[in-house]
Amino acid sequence: MAKEREEIVESSSGIITTTVDFVFNWSRKSALWPMTFGLACCAIEMMATGASRFDIDRFGAGVFLPSPRQSDLMIWCIAMGACASTGGPFPTYSTLQGIDRVVPVDVYIPGCPPRPEALLYGIMRLQDKIMQEHPTRFMFGRGSVSQEDVEGSAVPDEAGENAAA
Ligand code: SF4
């Protein structure tokens, strides 16, 4: 929060100056709308996080929507719990051994199940990551950002080797 205050400068005449990156990131982090999706025990904790005692709305993440097309956040890209993070206690072929084998994960939350406070903490860490992004680099071509910067690493070829190596 202190860093956020540094990025906003308010003059005595009531004018506020800041960066486009800050405004974009602040508005994105303040409106994380999760997808309504839960399979098992962790979903009960997710529901509790949305209820009045924990009130996920305080973090702008209380609007659960029914389709990925309408949502910002899968609580999978936050990998919530042991099952989503590692396949949980089931080392079998019939259980996916970590959702990061299918989709990239930003934040892992340990626990079986994690408590609502842990999910809220994970959302705050995701908000921290959002605040470090530079969306104007992509919009206006400022700086040199390659496709690898966007995706994190080069795409492997069919033999499973790095095509850029
Ligand atoms: S991590 Fe534990 S609590 Fe969460 S869905 Fe798996 S078995 Fe259930």
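For the structure itself, consult the block above.
Rules and cut-offs
Residues numbered from 1 in each chain as written. Predicted model: local features only at pLDDT ≥ 70, side-chain atom pairs only at ≥ 80, totals over all residues. Helix = DSSP H or I, 4+ residues; strand = E, 2+ residues; numbered from the N terminus. Buried ≥ 20, exposed ≤ 12 C-beta atoms within 10 Å, placed from the backbone. Near = placed C-beta within 6 Å. Nonpolar A, V, L, I, M, F, W, Y, C, P; charged D, E, K, R; others polar. Contact = placed C-beta atoms within 7 Å. Axes fitted to C-alpha atoms, helices over the stretch in contact; angles between N-to-C directions. Parallel < 35°, antiparallel > 145°, perpendicular 65-115°, else oblique. Left-handed = near helix turned anticlockwise from the far one by under 90°. Core = buried A, V, L, I, M, F, W, Y, C linked by C-beta atoms within 7 Å. Expected span 1.5 Å × (residues − 1). Arc of directions from axis to C-beta.

What follows deals with the overall build of the protein chain. Of the regular secondary structure elements, the protein chain holds seven helices and four strands. Taken over 165 residues, the protein chain has a buried fraction of 17%.

Close to the ligand lie A40, C41, C42, G81, A82, C83, G88, C112 and P113. No other element matches helix α4 (residues 81-86), which puts three residues into the shell around the ligand. Tallied by class, residues from the shell around the ligand come to seven nonpolar, two polar and no charged.

Tracing the backbone through its elements, the reader meets Y108 in strand β4 (residues 107-109). Classification of Y108 by C-beta neighbours within 10 Å gives partly exposed; the count is 19. As a C-alpha pair, Y108 and G81 span 27 residues in sequence and 7.7 Å in three-dimensional space. Non-local contacts of Y108, meaning those with residues more than four positions away in its chain, are made with A79 and S85.

A word on the packing of helix α3 (residues 41-50) against helix α5 (residues 116-131). Between α3 and α5, the shortest axis-to-axis distance is 8 Å and the interhelical angle comes to 75°. In terms of orientation, α3 and α5 fall into the roughly perpendicular class. Residues E45, M46, A48 and T49 of α3 form the contact with α5, whose participating residues are P116, L119 and L120. A breakdown of the residues in the contact of α3 with α5 according to their chemical character gives five nonpolar, one polar and one charged.

It is worth spelling out unusual backbone geometry at this point. Cis geometry marks the peptide bond from C112 to P113; its omega dihedral reads -5°. Mapped onto the fold, P113 is located in the loop between β4 and α5. Positive phi outside glycine occurs at D55, with the angle close to 55°. Examined against the element boundaries, D55 turns out to sit in the loop between α3 and β3 (78-80).

For the pair helix α2 (residues 20-29) and α5, the least separation of the axes is 9 Å and the interaxial angle reads 160°. One finds that α2 runs roughly antiparallel with respect to α5. Between α2 and α5 the crossing geometry is right-handed. Contacts between α2 and α5 involve N25, R28 and K29 from the former and Q127, I130 and M131 from the latter. When grouped by side-chain class, the residues that make up the contact of α2 with α5 number two nonpolar, two polar and two charged.

It is worth spelling out the nonpolar core at this point. Ranked by size, the top nonpolar core spans 17 residues in total, and within it I78, A79, M80 and I109 carry the most contacts. Mapped by element, the contributors of at least two residues to this core are α3, β3, α4, β4 and α5. With residues near it in sequence (within four places) discarded, M80 still touches C42, M46, I75, I109, P114 and L119.

Let us now look at α5. In this model, α5 (16 residues) spans 23 Å end to end at C-alpha, consistent with the 22 Å of a helix rising 1.5 Å per residue. Every buried residue belonging to α5 is among P116, L119, G122 and I123, and all of these are buried. Along the long axis of α5, the arc covered by the buried residues comes to 115°, so they all point the same way. Residues E117, M124 and D128 are exposed on α5 and point more than 90 degrees away from its buried face. Packed against the buried residues of α5 are α3, β3 and β4.

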